[in-house]
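# Examination of the molecular architecture
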Amino acid sequence: MLKNIRELSSEDYVKAGLSLEEAKGFQKVVKDVISRAIDPIVQWKALVDESVLKPWHPHPLHQLLYYSIYSNWDSSIHGPPLYWFPSPSLSKSTNLGRLMEIHGPRLLGASYKNPIESFELFRRFSVEHPDVYWSIVIDELSLVYHTPPRCILEKSRPEGTWLPDAVLNIAECCLMPSSHSQREDDSLAVVWRDEGSDDAPINRMTFRELRQRVMLVANAISGSFAKGDTIAIDMTMTVDAVIIYLAIILAGCIVVSIADSFAAKEIATRLKISKAKGIFTQDHVLRGGRRYPLYSRVVEAGPSKIIVLPASGTELRVQLREQDIQWKDFLSKASGENKYRPIYLPVNSVINILFSSGTTGEPKAIPWTQHSPIRSACDGWAHLDVKVGNTYCWPTNLGWVMGPTLIFSCFLTGTTLALYHGSPLGRGFGKFVQDAGVTVLGTVPSLVKTWKRTNCMEGLNWTKIKYFATTGEASNVDDVLWLSSKAYYKPVIEVCGGTELASSYIIGSPLQPQAFGAFSTPSMTTRIIIFDENGVPYPDDQPCTGEVGLFPQHFGATDRLLNADHDEVYFKGMPMYKETRLRRHGDILKRTVGGYFTVQGRADDTMNLGGIKTSSIEIERVCDQADECLSETAAVSITPPNGGPELLAIFAVLKEGFKKQSEEELKRKFSRAIQKDLNPLFKVRFVKIVAEFPRTASNKLLRRVLRDQMNQEIRSVRSRI
């Protein structure tokens, strides 16, 4: 059992990595700080406010203080333990806080107090009056209409019609100076560094230079393609990829986003669905000091025309097909050089085709209209406080929703985009974050887990970071504790949304206290309903667990799919709420005491163990802590071949350097942990140690594959009996 913070001795601090002399001094400081309060939240806040814990302190010391302060914390009574708290003074300088100070008294009347105390009231106002909220927030972006909208929202259909009659080119909005956001031609647009050049100066590009480059490429595109053509990009997230992405849209064409990790068959599927007329790619992918073929994979996919860029230098390292063209020859086709008149399009025109992961069949082709970038940028503006003067980095790819989201969140708000041309897994990336002065750093949980496990960021200075963000899957509390500690406990904003929403639906906020691994709020204007297995909604203020449904009037969300029935995918079979059919998202959501949220997995990851419904995520959180040898776990339920109750199976990946445990030993430890912390009736029936988990190209865990593997093993054993 963990000691309480008051019970810690200098010996405990020595075990956590301090010298005896350091431990004695540290113990004195800690005792002095925590003696001023009894409440664990106040104690932790005081330790953080006075910077008692430093980023360079060993992680076991951070763990010791956090877990000992909250050793007697009962989340079922108090909600999740909190680690970060907004500052009353700084809150007014955040984007949303500033807006609330200006408009709050008018919109909320005497109920308005300040951005922190009135946040939830203002968020609820945004849900009830989305047209008012969007009319204010959209003005904060660098939007330039060719024809302005007739209104913000026309309510003639359940999902509404947003910005009707507006005509614009969203790429142009990303490139032009903006007096409102104080973005000038000489403002910094992009900073980047190539892998292997860790000591080289940071590369920089202004908005003027970016605009000139994009217009040059748009001219070349107009000479080879027609307005409305679909053009694919299968590249790493480089400066050139960003330029090409914006140029395709500026030229009135449609981007087809394809991840550079895909095999030829997956590339071919996406080219066929989108009817792409051509594709931009690289000869190779450079990552982790190695060179991986990319052009050859694209050729195998069979596109009619490929424009090929060198991954490094100016010369290609591949032999091209006769119909393909190298990048420098393609640019020579540009006429008018750096001047180009954008193709203006109705706001509901498709500008980008993205795809679901396709793990259960043909991937869904998800069209982004010009609404989508506006929504994604506004989410970043409100919840991550991106703005002029900030530098925003998120290792990602144009084939996944975070790629386009990152571009528009930066360029529509005047934020500087930071790109690392290489693998984010190692120290080189971390040094780039330090040297580029990144202030907002996005991640995925598996990336953080790797940084923590390898200790590759040791000695780097990340203290310029104001906000971290993470998405893709559920965060491990200890991993985000490690991450937050690297910048004196700055908040890790959890983000959960979808490509089809062009946004989050639950997220964190810089105006609310934050808890590790938890979401503090639905996103602005988003109304969510959590309902039980019978479709009956839980009250908004009640702790509960159930499937989540979204109100369909969600600015930026899709109203069509290119290769599937949109209504069947997102609405069929969903419950009604106040005469409105809810929109499906598919997550099982837990609302805690205190109004925080955790994702318990997908609706199809729910288990029924002994008549009690639980989720994979909930079991994995307990099992991850069952033994120090564990790197990560995955829980699946198995239906016996002859029917009967579901059986619980746990897959485990072990850390390197630890004594190997037997599967039987782990089974006992998992069972004890689950029965103690979840339910005494739950029994672990199978344990399997594996080298790694199967994942999608976007790094989502494929529990379905693990379930199939376990079923196959069970059948094999039975066949031998």
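Predicted, not measured: the structure shown is a model, and the values here were computed from it.

Time to look at the overall build of the chain. The number of helices and strands found in the chain is 24 helices and 36 strands. Dimensions along the principal axes, computed over C-alpha positions, put the chain at roughly 75 × 75 × 60 Å. Expressed as a percentage of the 721 residues in the chain, the buried residues total 58%. Long-range contacts, defined here as pairs at least 24 residues apart, represent 66% of the contacts in the chain between residues at least 6 apart. Taking the average location of the 84 positive side-chain charges in the chain and that of its 79 negative ones, the two points are 1 Å from each other.

Turning next to the nonpolar core. Counting residues in each nonpolar core, the largest one holds 101 residues, and the members touching the most others are Leu 96, Ile 170, Ile 221, Leu 246, Phe 280, Phe 408 and Phe 411. The leading source of residues in this core is helix H12 (residues 239-250), at 11 residues. When near neighbours in sequence (up to four residues on either side) are disregarded, Ile 170 contacts Leu 143, Ile 249, Ile 351, Gln 370, Pro 373, Ile 374, Phe 408 and Leu 412. Tyr 420, Val 438, Phe 468 and Leu 483 belong to the second-largest nonpolar core, a separate cluster that totals 58 residues.

Moving on to the pattern of salt bridges. Note on pairing: side chains with opposite charge can pair once their charged atoms come close. Tallied over the entire structure, the rule returns 35 salt bridges. For Lys 45, the salt bridge identified is with Asp 49, shortest N-O distance 2.8 Å. A residue pair is termed a helical-turn pair when its members lie 3 or 4 positions apart in one helix, as Lys 45 and Asp 49 do in helix H3 (residues 40-49) at 4 residues. Between Glu 140 and Arg 98 there is a salt bridge, and its shortest N-O distance comes to 3.0 Å. Residue Glu 140 is found in the loop between helix H9 (130-137) and strand S2 (145-147), and its partner Arg 98 is found in helix H7 (residues 95-108); the two are separated by 42 residues along the sequence. The class for Glu 140 is buried, based on a relative accessible area of 15%. Arg 98 gets classed as partly exposed once you look at its relative accessible area, which sits at 31%. Among the charged side chains, a salt-bridge network with shared partners connects Arg 157, Glu 159, Asp 559 and Arg 560.

One can read the domain layout of the chain as domain 1 (10-72), domain 2 (170-589) and domain 3 (605-719). Centre-to-centre separation of domain 1 and domain 2, based on C-alpha positions: 39 Å. Listed as interface residues are 12 residues of domain 1 and, on the opposing side, 12 residues of domain 2. Between domain 1 and domain 2, roughly 1100 Å² of surface is buried when both sides are summed, and carbon and sulfur atoms account for 62% of that area. Broken down residue by residue, the surface that domain 1 buries against domain 2 is led by Pro 55, His 59 and Tyr 66, which jointly contribute 48%. Our count for the contact surface shared by domain 1 and domain 2 stands at 0 salt bridges. The interface formed by domain 1 and domain 2 contains 5 residue pairs in polar contact (both at pLDDT 80 or more). Where the side of domain 1 that touches domain 2 is concerned, the elements lending two or more residues are H3 and helix H4 (59-69). Sort the elements by how many residues they give to the side of domain 1 that touches domain 2 and H4 lands first, with 5 residues.

A few words on the pairing of strand S16 (residues 350-355). Most of S16 sits out of view: 6 of its 6 residues are buried. In this sheet, strand S17 (residues 365-369) lies alongside S16 in antiparallel orientation, the contact comprising 5 bridges. Bridged to Ile 353 within S17 is Pro 367.

Attention now goes to the sheet that holds strand S26 (residues 528-531). Strands sit in the order S26-S27-S30-S31 across an open sheet of 4 strands; the sheet is antiparallel. The two strands at the open ends of the sheet, each matched to only one other strand, are S26 and strand S31 (597-602). For this sheet, the mean angle separating the axes of adjacent strands, direction not counted, is 40°. Sheet analysis places strand S30 (residues 583-591) next to S31, joined by 4 bridges and oriented antiparallel. Bridged to Lys 590 within S31 is Thr 598. Strands in contact with helix H22 (residues 616-623) are S30 and S31; relative to S31, the strand with the most contacts, it is inclined by about 110°.

So, on to the packing of aromatic side chains. In total, this model carries 26 aromatic pairs according to the counting rule given. Ring geometry for Phe 207 against Phe 411: centres 5.8 Å apart, planes inclined by 75°, an arrangement best described as edge-to-face. One end of the pair, Phe 207, is in helix H11 (residues 207-224); the other, Phe 411, is in helix H17 (residues 402-411), with 204 residues separating them in the sequence. For Phe 411, a relative accessible area of 0% translates into the label buried. Each member of the aromatic cluster is reached from another via a ring pair, and the members are Trp 44, Tyr 66, Tyr 67, Tyr 70, Trp 73, Tyr 83, Tyr 489 and Phe 516. Sitting over the ring of Tyr 570, Arg 583 keeps its end group 4.6 Å from the ring centre.

The residue Lys 275 is not glycine, and still its phi comes out positive at about 55°. When you line up the elements, Lys 275 lands in the loop between helix H13 (264-274) and strand S10 (278-282). A positive phi angle, close to 60°, is found at Asp 385, a residue other than glycine. Residue placement: Asp 385 occurs in the loop between helix H16 (371-383) and strand S18 (391-393). Residue classification places Asp 385 among the buried positions, given a relative accessible area of 6%.

Spatially, 3 strands are ordered S2-S5-S15 in an open sheet, and the strand pairing comes out antiparallel. Of all strands in the sheet, those bounded by a partner on one side alone are S2 and strand S15 (345-346). Here 2 bridges tie S2 to strand S5 (residues 167-168), and the two strands are oriented antiparallel to one another. When the bridges of S5 are listed, Tyr 145 appears paired with Leu 168.

This brings us to the packing of H3 against H4. In contact at an axis separation of 9 Å, H3 and H4 are set at 155° when each is read in the N-to-C sense. In this view, H3 runs roughly antiparallel relative to H4, as classed from their interaxial angle. Note on element contacts: H4 touches H3 through Leu 65, Tyr 66 and Ile 69, opposite Pro 40, Gln 43, Trp 44 and Leu 47. Partitioned by chemical class, the residues of the contact of H3 with H4 number 6 nonpolar, 1 polar and no charged.

Within the secondary structure, His 59 is located in helix H4. In this structure His 59 comes out as buried when scored by relative accessible area, which is 14%. A polar atom in the side chain of His 59 sits 3.2 Å from the side chain of Asp 478. Apart from the residues within four sequence positions on either side, His 59 is in contact with Lys 452, Asp 478, Leu 481 and Trp 482.

What counts as what
- Residues numbered from 1 in each chain as written.
- Predicted model: local features only at pLDDT ≥ 70, side-chain atom pairs only at ≥ 80, totals over all residues.
- Heavy atoms only, no water.
- Helix = DSSP H or I, 4+ residues; strand = E, 2+ residues; numbered from the N terminus.
- Buried < 20%, exposed > 50% of the residue type's maximum accessible area, 1.4 Å probe, protein only.
- Contact = heavy atoms within 4.5 Å.
- Lys, Arg positive; Asp, Glu negative; His and termini not counted.
- Charge placed at Lys NZ, Arg CZ, Asp CG, Glu CD.
- Core = buried A, V, L, I, M, F, W, Y, C linked by side-chain atoms within 4.5 Å.
- Salt bridge = Lys/Arg side-chain N within 4 Å of Asp/Glu carboxyl O.
- Domains from an automatic or database assignment.
- Buried area = accessible area lost by both parts, 1.4 Å probe.
- Polar contact = N/O pair within 3.5 Å; in protein donor to acceptor, adjacent residues only side chain to side chain.
- Pairing = 2+ DSSP bridges.
- Axes fitted to C-alpha atoms, helices over the stretch in contact; angles between N-to-C directions.
- Phe/Tyr/Trp six-rings, centres within 6.5 Å; stacked < 30°, edge-to-face > 60°.
- Lys NZ or Arg CZ within 6 Å of the ring centre and 35° of its normal.
- Parallel < 35°, antiparallel > 145°, perpendicular 65-115°, else oblique.
- Nonpolar A, V, L, I, M, F, W, Y, C, P; charged D, E, K, R; others polar.

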